[in-house]
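# Inside the fold
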Amino acid sequence: MAAGLRKRGRAGPTARAVGLCGQWLRRAWQERRLLLLEPRYTLKVAACLCLAEVGITFWVIHRVAYTEIDWKAYMAEVEGVINGTYDYTQLRGDTGPLVYPAGFVYIFMGLYYATGRGTDIRMAQHIFAVLYLATLLLVFLIYHQTCKVPPFVFFFMCCASYRVHSIFVLRLFNDPVAMVLLFLSINLLLAQRWSWGCCCFSLAVSVKMNVLLFAPGLLFLLLRQFGLRGALPKLGICAVLQVVLGLPFLLENPVGYVSRSFDLGRQFLFHWTVNWRFLPEALFLHRAFHLALLTAHLTLLLLFALCRWHRTGESILSLLKDPSKRKVPLQPLTPNQIVSALFTSNFIGICFSRSLHYQFYVWYFHTLPYLLWATPARWLTHLLRLLVLGLIELSWNTYPSTSCSSGALHMCHAVILLQLWLGPQPFPKSIQHSKKAH
């Protein structure tokens with residue numbers, strides 16, 4: 001009899017746990033519509049999706065063949081540094097010269113040793129799987145704070161993208177490393193840790209230069225929050241970190257390091273373009289076309305800064321003043337204002353990129369749900385937004401790209417840009433009060 005009591009006593013906590021789990025599942029089923037549509041359930045849905053992603057990513061690694069593209073080149077470039085070569089013009093891999101900043105070298109040097117000098121591909125895949133899950137976690141934390149995107153959309157952001165899984169665990173590109181640092185930076189900015197956020201932002205830039213597409217939005221936020229004098233120390237953190245990381249290479253050959261790792265004029269091959277396939281190759285390679293894209297990029301950034309981000313009624317130059325000396329009292333930046341400026345800045349840059357290669361998809365893939373759902377327009381229903389997401393995914397999965405896939409990608413980008421311009425803005429208009437009124 002005593003043994004029976006002990007058995008029931010041991011079973012008690014387990015039975016209660018099962019009962020609670022059953023109650024939660026029943027309530028979730030009863031509230032399934034709210035669970036899928038209400039942003040306040042983001043973390044619950046995110047937890048389920050992350051668990052699913054563990055299984056999916058494990059399955060992809062063990063069931064889908066790895067494809068060698070740049071990993072051996074990365075390892076060869078890093079090995080050159082390990083062997084004592086600090087002149088960037090002398091560092092090369094199988095695919096060409098080293099064209100990434102110093103942060104890339106240090107991080108992939110760690111991966112070089114962790115994977116047996118780059119030979120243990122399976123270990124590298126598992127490391128990138130952890131990196132993928134960390135990226136999802138950071139992205140979900142951002143979406144939880146903005147509270148704008150219905151949770152059902154996250155299924156399409158996680159489990160439904162073959163291309164993104166491929167970039168992370170089947171290709172081992174350096175783009176995901178830069179993006180996970182970028183999303184960490186945004187989380188720090190949302191926590192009002194501006195100095196640490198700028199530090200992580202600079203670290204992301206030191207892995208790959210595409211992160212600079214977020215820089216106009218970050219500059220606007222820093223000036224709005226601190227004014228010019230207060231923003232300079234934060235910008236100084238970004239600059240000093242770049243110098244410190246690149247110091248061994250700058251001491252050896254400063255011109256070679258800067259010209260290789262921050263080469264803004266690098267020519268891209270027409271063979272790999274995803275976004276401009278419908279153009280003649282001669283036009284794609286022409287400098288006048290590149291200049292036109294840069295002009296359009298800067299013009300649209302300026303229009304968004306003047307008409308969509310800075311809506312206080314004062315001149316844009318008022319951002320240079322100390323916030324306490326502005327005519328319109330400074331309001332604290334909301335999570336949506338921070339995320340909107342950064343994601344929009346990056347998206348505008350991608351729309352006018354000289355070329356997009358397949359691995360560049362992760363530059364903006366995780367930001368697309370926010371760009372489509374954060375500024376709701378009546379004419380763009382849930383179904384149409386999902387159609388835009390699907391067409392973008394299809395365009396990036398078409399290999400080799402075609403005129404139709406490139407055209408569809410630009411059409412989808414144009415729809416998103418139009419919604420960002422016409423939709424409700426996270427930066428509301430402020431009423432400018434005169435000094436007499438105060």
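Model, not experiment: these values are computed from the prediction. (Residues numbered from 1 in each chain as written. Predicted model: local features only at pLDDT ≥ 70, side-chain atom pairs only at ≥ 80, totals over all residues. Heavy atoms only, no water.)

Glancing now at the overall build of the protein chain. When its secondary structure is counted, the protein chain shows 18 helices and two strands. Its C-alpha atoms put the protein chain at 85 × 70 × 45 Å along the principal axes. Evaluated residue by residue, the protein chain yields a buried proportion of 50% over its 438 residues. Taking all contacts inside the protein chain whose residues are at least 6 apart in sequence as the whole, residues at least 24 apart take part in 77%. (Helix = DSSP H or I, 4+ residues; strand = E, 2+ residues; numbered from the N terminus. Buried < 20%, exposed > 50% of the residue type's maximum accessible area, 1.4 Å probe, protein only. Contact = heavy atoms within 4.5 Å.)

To continue, consider the packing of helix α3 (residues 42-63) against helix α6 (residues 121-146). At a minimum axis separation of 10 Å, α3 and α6 run at an interaxial angle of 165°. The angle between α3 and α6 falls in the class roughly antiparallel. Our pair here, α3 against α6, has a crossing hand that is right-handed. Seen from α3, the contacting residues are Thr 42, Leu 43, Ala 46, Leu 49, Cys 50, Glu 53, Val 54, Thr 57, Ile 61 and His 62; seen from α6, they are Arg 122, Gln 125, His 126, Ala 129, Tyr 132, Leu 133, Leu 136, Phe 140, Tyr 143 and His 144. Residues that form the contact of α3 with α6 fall into these classes: 12 nonpolar, six polar and two charged. (Axes fitted to C-alpha atoms, helices over the stretch in contact; angles between N-to-C directions. Parallel < 35°, antiparallel > 145°, perpendicular 65-115°, else oblique. Left-handed = near helix turned anticlockwise from the far one by under 90°. Nonpolar A, V, L, I, M, F, W, Y, C, P; charged D, E, K, R; others polar.)

With respect to the helices and strands, the residue Gln 419 is situated in helix α18 (residues 403-422). If we skip the residues at most four places from it in the chain, Gln 419 touches Leu 371, Leu 372, Trp 373, Thr 375, Pro 376, Ala 377, Trp 379, Leu 380 and Arg 385.

Ranked by size, the top nonpolar core spans 129 residues in total, and within it Phe 108, Phe 343 and Ile 392 carry the most contacts. Sort the elements by how many residues they give to this core and α6 lands first, with 11 residues. Residues within four places of Ile 392 in sequence aside, it is in contact with Tyr 361, Tyr 364, Leu 368, Leu 409, Cys 412 and Ile 416. (Core = buried A, V, L, I, M, F, W, Y, C linked by side-chain atoms within 4.5 Å.)

This part covers the packing of aromatic side chains. All chains considered together, the criterion is met by 36 aromatic pairs. For the ring pair Trp 276 and Phe 278, a centre distance of 5.8 Å and an interplane angle of 65° mean the geometry is edge-to-face. A relative accessible area of 9% means that Trp 276 is categorised as buried. The ring of Trp 421 has Arg 308 sitting right over it, with the charged end atom 4.2 Å from the ring centre. (Phe/Tyr/Trp six-rings, centres within 6.5 Å; stacked < 30°, edge-to-face > 60°. Lys NZ or Arg CZ within 6 Å of the ring centre and 35° of its normal.)

Here Arg 163 is to be found in helix α8 (residues 162-170). The exposure class assigned to Arg 163 is buried, which follows from its relative accessible area of 10%. Separated by 62 residues in the primary sequence, Arg 163 and Gln 225 place their C-alpha atoms 37 Å from one another. Setting aside anything within four residues of it in sequence, one finds Arg 163 in contact with Tyr 358, Tyr 361, Glu 393, Trp 396 and Asn 397.

In this section: the environment of Ser 395. Assignment of secondary structure puts Ser 395 in helix α17 (residues 382-397). Residue Ser 395 is classed as buried on the basis of its relative accessible area of 2%. Taking C-alpha positions, Ser 395 is 6.7 Å from Ser 406, a pair spaced 11 residues apart along the chain. Contact partners of Ser 395, with chain neighbours within four places excluded, come to Val 274, Ser 405, Ala 408 and Leu 409. A polar atom in the side chain of Ser 395 sits 3.2 Å from the backbone oxygen of Ser 405. (Polar contact = N/O pair within 3.5 Å; in protein donor to acceptor, adjacent residues only side chain to side chain.)

By the element assignment, Arg 224 lies in helix α11 (residues 215-252). No salt bridge forms around the buried Arg 224; measuring N to O, its nearest opposite-charge neighbour Glu 314 is 9.7 Å away. Looking at Arg 224, its side chain comes within polar contact range of the main-chain oxygen of Gln 331, at 3.2 Å. (Lys, Arg positive; Asp, Glu negative; His and termini not counted. Salt bridge = Lys/Arg side-chain N within 4 Å of Asp/Glu carboxyl O.)

Next up on the list: the confidence of the model for the protein chain. Chain-level pLDDT for the protein chain is 90 on average; 92% of the residues reach the 70-or-more range. Scored below 50 in pLDDT, residues 432-438 shows eight contacts in the model against residues more than four places distant or in partner chains. (pLDDT = per-residue confidence, 0-100.)

Okay, helix α14 (residues 287-309) next. For α14, with 23 residues, the first-to-last C-alpha span of 31 Å sits near the 33 Å given by 1.5 Å per residue. Here α14 has its buried residues at Phe 289, His 290, Leu 293, His 297, Leu 300, Leu 301, Phe 304, Ala 305, Arg 308 and Trp 309. Where α14 is buried, its residues touch α11, α13 (281-285), α15 (335-351) and α18. (Expected span 1.5 Å × (residues − 1).)

Following Tyr 399, the chain continues to Pro 400 via a peptide bond in cis, the omega torsion being -10°. Inspection of the secondary structure assignment puts Pro 400 in the loop between α17 and α18. Despite not being glycine, Cys 147 has its phi angle at roughly 55°, a positive value. Counting through the fold element by element, Cys 147 comes out in the loop between α6 and α7 (153-158). Here Cys 147 falls in the partly exposed class, since its relative accessible area comes to 39%. At Leu 172, a position not held by glycine, the phi torsion is positive, near 60°. A relative accessible area of 0% places Leu 172 in the buried class.

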